[in-house]
Amino acid sequence: MRYLVTGGAGYIGGTVARVLLGRGDSVTIYDNLCHSRREALPPAAEFVEGDLHNKGLLTETLSRTQYDGVLHFAALIEAGESMKCPDVYFRNNTVGTLSLLEAMHATGTNRLVFSSTAACYGEPRRTPIEEGDELKPTNAYGESKLLSEHMLRWFGTQFGMRYAALRYFNVAGAIEGYGENHEPESHLIPLVLDAALGLRKEIKVFGVDYPTKDGTCVRDYVHVADLAAAHLLAMASLDQKASAVYNLGNGQGFTVREVIESARRITGLPIAVVEEPRRAGDPAVLVASSEKAKRELGWEPNFADLDTIVDTAWQWHKRLKSDAK
Ligand SMILES: NC(=O)c1ccc[n+]([C@@H]2O[C@H](COP(=O)([O-])OP(=O)(O)OC[C@H]3O[C@@H](n4cnc5c(N)ncnc54)[C@H](O)[C@@H]3O)[C@@H](O)[C@H]2O)c1
């Protein structure tokens, strides 16, 4: 099979590209490298350096060969930044996705797996969150993804596009030789590991008075290898099943303090913590129900244990940071 992977120089797209290549598929990565490095590309993939807004290049790339599908990861991903410049997020993520959909439509490429996000839900009324629950993003990043989902629906009904929109919760961990390396980094586990390595003085914990077991926010950490497996299942499902939206989380929530404790155990290193006030727009608990993905795709996450997730991240992270010295 042959796939186009947008954003394949990044963390999750790069992981999925490696898994596809590992099972013998052909992969073309389309990325403008705005938040990634050329060195992160898997050597076995073809690479097209291009922006989502370059519809001509997207169309040309898609018409060069018959692709079995597109996996669309390319996006800006910082919720906080999206509140400072919502225009940039709507242009990059929503208008960029429209450009991709148009290029797909023009070239008769009609199978798409789309990276959506838990941020589509905003402040949930209940947990675990199900796909039919209220969609009310509290940041422009989440809205930019939700609008993209709406466009998918219309391309589906009007143009026959088949898609799976996957709403990831907190993606974490690494596969052998490849993991998270965002620049700038805002995700908890790599930040905590940087603190363990002394690359940052301390880890800031935003909010210690939430109604949770230790007062800190609860998040659902899904391992990137499990996420990759879900993409393969979702793509395969498009032949037999209707287009759909699926949550992807491991169904277990862990508090910020539990993540820090886990990192202390795994690394054996001290991690200094500074308690800060709550940040606006941070829900107390974000935990997914992934029952629909289990039921309809046959997906089963293998990494439920926080220490194992943190350990895979640590194995990658310490090598990355020592290579960077
Ligand atoms: N990391 C998470 O926990 C998480 C959670 C929910 C959803 N997601 C979604 O998963 C996807 C991948 O996230 P990630 O963590 O791998 O991010 P990442 O920043 O590592 O990768 C995104 C890639 O997209 C590229 N890109 C961005 N805008 C582009 C454009 N206009 N044209 C071409 N390339 C462009 C970047 O250069 C980068 O290589 C994103 O769509 C994100 O919204 C991530």
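Basis of the calculations
Residues numbered from 1 in each chain as written. Predicted model: local features only at pLDDT ≥ 70, side-chain atom pairs only at ≥ 80, totals over all residues. Heavy atoms only, no water. Domains from an automatic or database assignment. Buried area = accessible area lost by both parts, 1.4 Å probe. Salt bridge = Lys/Arg side-chain N within 4 Å of Asp/Glu carboxyl O. Polar contact = N/O pair within 3.5 Å; in protein donor to acceptor, adjacent residues only side chain to side chain. Helix = DSSP H or I, 4+ residues; strand = E, 2+ residues; numbered from the N terminus. Nonpolar A, V, L, I, M, F, W, Y, C, P; charged D, E, K, R; others polar. Pairing = 2+ DSSP bridges. Axes fitted to C-alpha atoms, helices over the stretch in contact; angles between N-to-C directions. Contact = heavy atoms within 4.5 Å.

1. Some details on the domain arrangement of the chain
Domain annotation of the chain identifies domain 1 (2–172 + 222–248) and domain 2 (188–219 + 251–324). When the buried area of domain 1 at its contact with domain 2 is split by residue, H223, D226 and Y246 rank highest and sum to 26% of it. Where domain 1 touches domain 2, the interface holds zero salt bridges. Where domain 1 touches domain 2, the interface holds 10 residue pairs in polar contact (both at pLDDT 80 or more). With seven residues, helix α7 (residues 224–237) is the single largest residue contributor to the side of domain 1 that touches domain 2. Its residues assigned to classes, the side of domain 1 that touches domain 2 comprises 15 nonpolar, seven polar and five charged.

2. Observations regarding the sheet that holds strand β10 (residues 244–248)
Either a parallel or an antiparallel arrangement is found when strands of a sheet pair, and the pairing is made through backbone hydrogen bonds. The sheet built from seven strands is open, its strands ordered β3-β2-β1-β4-β5-β6-β10 with parallel pairing. Two strands in the sheet have a free side with no partner beyond their single neighbour: β3 (46–49) and β10. Here the strands of the sheet are splayed against their neighbours by 20 degrees on average, with no regard to which way each runs. As judged from the five bridges shared by strand β6 (residues 162–168) and β10, these two strands associate in the parallel manner. Note that in β10 the partner of A164 across the bridge is A244. On top of the sheet, helix α5 (residues 140–159) reaches β5 (111–117), β6 and β10; it is set at about 155 degrees to β5, its chief contact. Lying on the sheet, α7 is in contact with β1 (2–6), β4 (69–72), β5, β6 and β10; it crosses β6 at an angle near 160 degrees.

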